[in-house]
Amino acid sequence: RPRALSGAQPTADSYHLGNYFGAFRQWVALQDEFEAFYFIPDLHAITVDYDPALLRERTYIAAAQMLASGVDPARSALFVQSHVPEHAQLAWILNGITGFGEAGRMTQFKDKSAKNGSDNASVGLFTYPILMAADILIYQADKVPVGEDQRQHVELTRNLAQRFNHRFGPTFTVPEAHIVKATAKIYDLQDPTSKMSGSNASHAGVVDLTDTPKQVAKKVRSAVTDSGTEIVYDLAAKPGIANLLSIYSALTGREIAEIVAEYEGQQYGHLKVALGDLLAEFVGTFGDRTRELLDDRAELDRILAAGAERAREVAAPTLELVYERSGFVRPV
Ligand code: TYM
């Protein structure tokens, strides 16, 4: 079976609706057709200021929310990145074939480092995409299900794989991003031209998967929309309504055209109340499931240990091959 691989950073107290629709839904959809590897990139999470106790708690929350999303540990390896040391080991090798300018062109690095003044950004933030390339290549992954904002990182990964193969002989599978257009970029409900993000200053427009049904219904009812009245899908002219329609469609599995037809002649408010109710029900169920999972840490530990064991079975031989191709003397 071809392989799928993806990860989502444990840098907030909860994942949000963008992570869920842009990533987790696609992870789950690929589980049957692909041998899947899904993980919590804790090593990536320390490239910005963080608190160790929070990181530990967020790692468990991350695992619980991935499971609550439908990641099935019987079919997919679910694990913590730092449990598989081969990621960091391969990243070091890839550092050597990555150009300084090439890494400097990564837009996520430019955005994140600009936030606090680039002199304050860590070297880890700069090499972050190279560790991500290692995450992907160490499993010889074919498909990488991600949202639109990760496209450039997967492109860098492809370039590094091709470069290594060219210099040292065929070693890595060149992976492809798997980006589902309809949900590749979910927007902030308060600012429907910027993406929903856990690091947005206000969470008024961010639906967290730990929000209560009441909070969610309120966030959706107060979503920013334009001053018009007609409910149509027009990303340029009506980004707020377009975003609500995308979420509605993703949540119900119904076509946007069908939803638009249903709301013909109705006001924005009708759509917001209906979607608010649907999402409230969704987070209610999701929250219950997450809390149940978090109540049994020993079980989470077992799932993550089994996942790491499966992951290492694939990662270790890849690293061995890389060391050999790279000219390292191996211990006897
Ligand atoms: P991260 O942790 O920021 O986000 C996790 C996943 O959620 C997607 N996503 C979104 N999709 C749609 N709309 C949004 N508003 C939205 N916000 C986030 C992201 O595209 C991503 O798929 N570098 C990665 C984590 C990572 C990784 C990897 C991913 C580390 N190693 C290897 C894939 C493969 C990141 O920061 O994603």
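Residues numbered from 1 in each chain as written. Predicted model: local features only at pLDDT ≥ 70, side-chain atom pairs only at ≥ 80, totals over all residues. Heavy atoms only, no water.

### As for the pattern of salt bridges
Turning to step 1, where the next piece is worked out: Inspection of the entire model under this criterion finds 18 salt bridges.
Turning to step 2, where the next piece is worked out: We note a salt bridge from Glu86 to Arg312, for which the minimum N-O separation is 3.1 Å. Of the two residues, Glu86 is situated in helix H4 (residues 86-95) and Arg312 in helix H13 (residues 297-326); the sequence distance between them amounts to 226 residues.
Turning to step 3, where the next piece is worked out: Judged by its relative accessible area of 4%, Glu86 is buried.
Turning to step 4, where the next piece is worked out: Measuring nitrogen to oxygen at the nearest pair gives 3.7 Å for the salt bridge that ties Lys238 to Asp226. Here the residue Lys238 occupies a position in the loop between helix H9 (213-221) and helix H10 (239-252), and Asp226 occupies one in the loop between H9 and H10, the gap between them amounting to 12 residues.
Turning to step 5, where the next piece is worked out: By relative accessible area, which is 12% here, Lys238 ends up buried. (Salt bridge = Lys/Arg side-chain N within 4 Å of Asp/Glu carboxyl O. Helix = DSSP H or I, 4+ residues; strand = E, 2+ residues; numbered from the N terminus. Buried < 20%, exposed > 50% of the residue type's maximum accessible area, 1.4 Å probe, protein only.)

### A word on the packing of H9 against helix H12 (residues 268-294)
Turning to step 1, where the next piece is worked out: Orientation of H9 relative to H12, taken along the N-to-C sense of each, is 155°, at an axis distance of 8 Å. When the interaxial angle is binned, H9 and H12 end up roughly antiparallel. Both H9 and H12 take part in a crossing whose hand is right-handed. Facing Pro213, Val216, Ala217, Val220 and Arg221 of H9, the residues of H12 in contact are Lys272, Val273, Leu275, Gly276, Leu279, Ala280, Val283 and Gly284.
Turning to step 2, where the next piece is worked out: Residue composition of the contact of H9 with H12, grouped by class: 9 nonpolar, 2 polar and 2 charged. (Axes fitted to C-alpha atoms, helices over the stretch in contact; angles between N-to-C directions. Parallel < 35°, antiparallel > 145°, perpendicular 65-115°, else oblique. Left-handed = near helix turned anticlockwise from the far one by under 90°. Contact = heavy atoms within 4.5 Å. Nonpolar A, V, L, I, M, F, W, Y, C, P; charged D, E, K, R; others polar.)

### Brief notes about empty space enclosed by the protein
Turning to step 1, where the next piece is worked out: Within the structure shown, the criterion is met by 1 cavity of 30 Å³ or more.
Turning to step 2, where the next piece is worked out: Lining the largest cavity, in full, are Met106, Gln108, Phe109, Lys112, Leu125, Tyr128, Pro129 and His153.
Turning to step 3, where the next piece is worked out: Put simply, the parts of the chain that give the lining of the largest cavity at least two residues each are helix H6 (107-115) and helix H7 (123-137).
Turning to step 4, where the next piece is worked out: Class assignment for the residues of the lining of the largest cavity results in 5 nonpolar, 2 polar and 1 charged. (1 Å grid on protein atoms, 1.4 Å probe; cavity = no way out; pocket = protein on both sides within 12 Å on 5 of 7 lines; lining within 4 Å. Points joined across faces, edges and corners; volume = space filled by probe spheres on them.)

### Brief notes about the UniProt feature "binding site: ATP" (unreviewed entry) in the chain
Turning to step 1, where the next piece is worked out: Look at the UniProt record and you will see "binding site: ATP" (unreviewed entry) annotated at Gln9, Pro10, Thr11, Gly18, Asn19, Gly147, Glu148, Asp149 and Ile186. Of the residues annotated just before, the second largest pocket has Glu148 and Ile186 among its lining.
Turning to step 2, where the next piece is worked out: Tracing the backbone through its elements, the reader meets Pro10 in the loop between strand E1 (3-7) and helix H1 (17-30).
Turning to step 3, where the next piece is worked out: Discounting chain neighbours no more than four positions away, the residues touching Pro10 are Tyr15, Ile40, Pro41, Asp42, Ala45, Leu55, Arg58, Thr59 and Ala62.
Turning to step 4, where the next piece is worked out: On the secondary structure map, Thr11 appears in the loop between E1 and H1.
Turning to step 5, where the next piece is worked out: In this view, Thr11 contacts Ala45 and Arg58; residues no more than four positions away in its chain are not counted. (UniProt positions renumbered as here; feature names shortened; annotations may be inferred.)

### Let's talk about the layout of surface pockets
Turning to step 1, where the next piece is worked out: By volume, the second largest pocket amounts to about 360 Å³.
Turning to step 2, where the next piece is worked out: Lining the second largest pocket are 18 residues, and of these Lys181, Ala182, Thr183, Tyr233 and Ser246 sit closest to its centre.

### Description of the confidence of the model for the chain
Turning to step 1, where the next piece is worked out: On average, residues of the chain carry a pLDDT of 96, and 100% of them reach 70 or more.
Turning to step 2, where the next piece is worked out: This complex was scored by the predictor with a pTM of 0.97 and an ipTM of 0.99. (pLDDT = per-residue confidence, 0-100.)

### Thoughts on the site of the ligand
Turning to step 1, where the next piece is worked out: With respect to spatial proximity, 28 residues lie near the ligand, and among them Gln9, Tyr128, Asp135, Asp149 and Ile186 are the closest.
Turning to step 2, where the next piece is worked out: Taking Asp135, its side chain carries an N or O atom lying 2.6 Å from a nitrogen atom of the ligand.
Turning to step 3, where the next piece is worked out: Between the ligand and Ile186 there is a distance of 2.8 Å, counted from a nitrogen atom to a backbone nitrogen or oxygen.
Turning to step 4, where the next piece is worked out: Starting from 710 Å² of accessible surface for the ligand in isolation, the protein chains cover 95%.
Turning to step 5, where the next piece is worked out: At the level of secondary structure, the elements contributing two or more residues to the shell around the ligand comprise E1, H1 and H7.
Turning to step 6, where the next piece is worked out: Classifying every residue of the shell around the ligand by side-chain character gives 13 nonpolar, 11 polar and 4 charged. (Near = heavy atom within 4 Å. Polar contact = N/O pair within 3.5 Å; in protein donor to acceptor, adjacent residues only side chain to side chain. Areas by Shrake-Rupley, 256 points an atom, 1.4 Å probe, with all protein chains shown as cover.)

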